Amino acid sequence: DLHLSIRRQRQMCIRDSRSRDEFEGKTSGYGYIDRAGEPLGAIWGHDTDDGSYNNEDGTVVGLDKLNEYLKESGASTDNEISYYCGTGWRAAIPFLIEYENGIKNVSVYDGGWFQWQKDPENPVQLGAPGSADYKEVKVKDLSTDKAKK
């Protein structure tokens, strides 16, 4: 269970590769996912769709850029990191950057938010951690009007 692993190991983090609006629970980002939010304890890892993981020439950024993003939230490649997104494909980009650079304590939380929000008892955070609108709830407490229109 991913949530239990996070609680047991503070060295483990789950890193969101979705948009900032998806991370903060404003939208699910998908027409078929009605709830929005993120697993409790997740940290934002920049959106893989907005060009954050691309160089100007269209190639994928290197480990140095990924380390810069990790440092923003107090994480590093020394942590065990599981990347996630809505279903798994966006999380593959930062995962592959680490994996191709020989980092082994990395994974993709396959199923991502789509899977997490199916269990009504899973803990969720809404809003940016540390912000005035941040709150912690359970999936069952989320509204079901956040699907992308």
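The structure we're discussing is the one just above.
Please read these numbers as outputs of a predicted model, since none were measured by experiment.

**Structural notes on the overall build of the protein chain**
Moving on, step 1. Within the protein chain, the regular secondary structure consists of five helices and seven strands.
Moving on, step 2. When its helices and strands are written in sequence order, the protein chain yields α-β-α-β-β-α-β-α-β-α-β-β.
Moving on, step 3. By the compact-globule yardstick of 15 Å for 149 residues, the protein chain fits well, its C-alpha radius of gyration being 15 Å.
Moving on, step 4. Viewed in the frame of its principal axes, the protein chain has a C-alpha envelope of about 40 × 35 × 30 Å.
Moving on, step 5. The contacts in the protein chain between residues at least 6 apart in sequence include a share of 65% that link residues at least 24 apart.
Moving on, step 6. With the model as given, the accessible surface of the protein chain reaches about 7,700 Å², and the carbon-plus-sulfur share is 47%.
Moving on, step 7. Distance between charge centres in the protein chain, computed from 19 positive and 26 negative side chains, equals 6 Å.

**Comments concerning the pairing of strand E4 (residues 80-84)**
Moving on, step 1. The buried count for E4 comes to four of five residues, which makes it a mostly enclosed element.
Moving on, step 2. Bridge analysis of E4 against strand E5 (residues 106-108) gives three bridges, and the strand direction is parallel. Within E5, the position partnered with Ile81 by the bridge is Val106.
Moving on, step 3. Taken together, E4, helix H4 (residues 92-100) and E5 form a β-α-β motif whose crossover is right-handed.

**Here we look at the sheet that holds strand E2 (residues 38-39)**
Moving on, step 1. Read across the sheet, three strands follow the order E2-E6-E7 without closing on themselves; strand pairing throughout is antiparallel. Two strands bound the open sheet, and with one partner strand each, they are E2 and strand E7 (135-138).
Moving on, step 2. For E2 and strand E6 (residues 123-126), the ladder comprises two bridges, and the chain directions are antiparallel. Across the sheet, residue Pro39 finds its bridge partner in E6, namely Val124.

**A word on the nonpolar core**
Moving on, step 1. Counting residues in each nonpolar core, the largest one holds 15 residues, and the members touching the most others are Tyr53, Leu66, Leu70 and Tyr83.
Moving on, step 2. At the level of secondary structure, the elements contributing two or more residues to this core comprise helix H3 (63-72), E4 and H4.
Moving on, step 3. At three residues, the largest contribution of residues to this core is made by H3.
Moving on, step 4. Excluding residues within four positions of it along the chain, Tyr83 makes contact with Arg15, Ser17, Leu66, Leu70, Ala91, Pro94, Phe95, Glu98, Val106, Ser107, Val108 and Tyr109.
Moving on, step 5. Core analysis: the next-biggest nonpolar cluster, separate from the first, contains 14 residues, Met12, Tyr30, Tyr84 and Val137 among them.

**Some thoughts on the sheet that holds E5**
Moving on, step 1. With parallel pairing, the four strands of this open sheet are ordered in space as E3-E1-E4-E5. Each of the sheet's edge strands pairs with one partner strand only, and the pair in question is strand E3 (43-44) and E5.
Moving on, step 2. Bridge count for strand E1 (residues 12-16) against E4 is five bridges, and the pairing is parallel. Across the sheet, Met12 pairs through a bridge with Glu80, a residue of E4.
Moving on, step 3. Relative to E5, H4 is tilted by about 155°, and along the sheet it contacts E4 and E5.

The rules behind the values
Residues numbered from 1 in each chain as written. Predicted model: local features only at pLDDT ≥ 70, side-chain atom pairs only at ≥ 80, totals over all residues. Heavy atoms only, no water. Helix = DSSP H or I, 4+ residues; strand = E, 2+ residues; numbered from the N terminus. Rg over C-alpha atoms; globule rule 2.2 N^0.38 Å. Contact = heavy atoms within 4.5 Å. Areas by Shrake-Rupley, 256 points an atom, 1.4 Å probe, with all protein chains shown as cover. Lys, Arg positive; Asp, Glu negative; His and termini not counted. Charge placed at Lys NZ, Arg CZ, Asp CG, Glu CD. Buried < 20%, exposed > 50% of the residue type's maximum accessible area, 1.4 Å probe, protein only. Pairing = 2+ DSSP bridges. Right-handed = clockwise from strand over helix to strand, strands pointing away. Core = buried A, V, L, I, M, F, W, Y, C linked by side-chain atoms within 4.5 Å. Axes fitted to C-alpha atoms, helices over the stretch in contact; angles between N-to-C directions.

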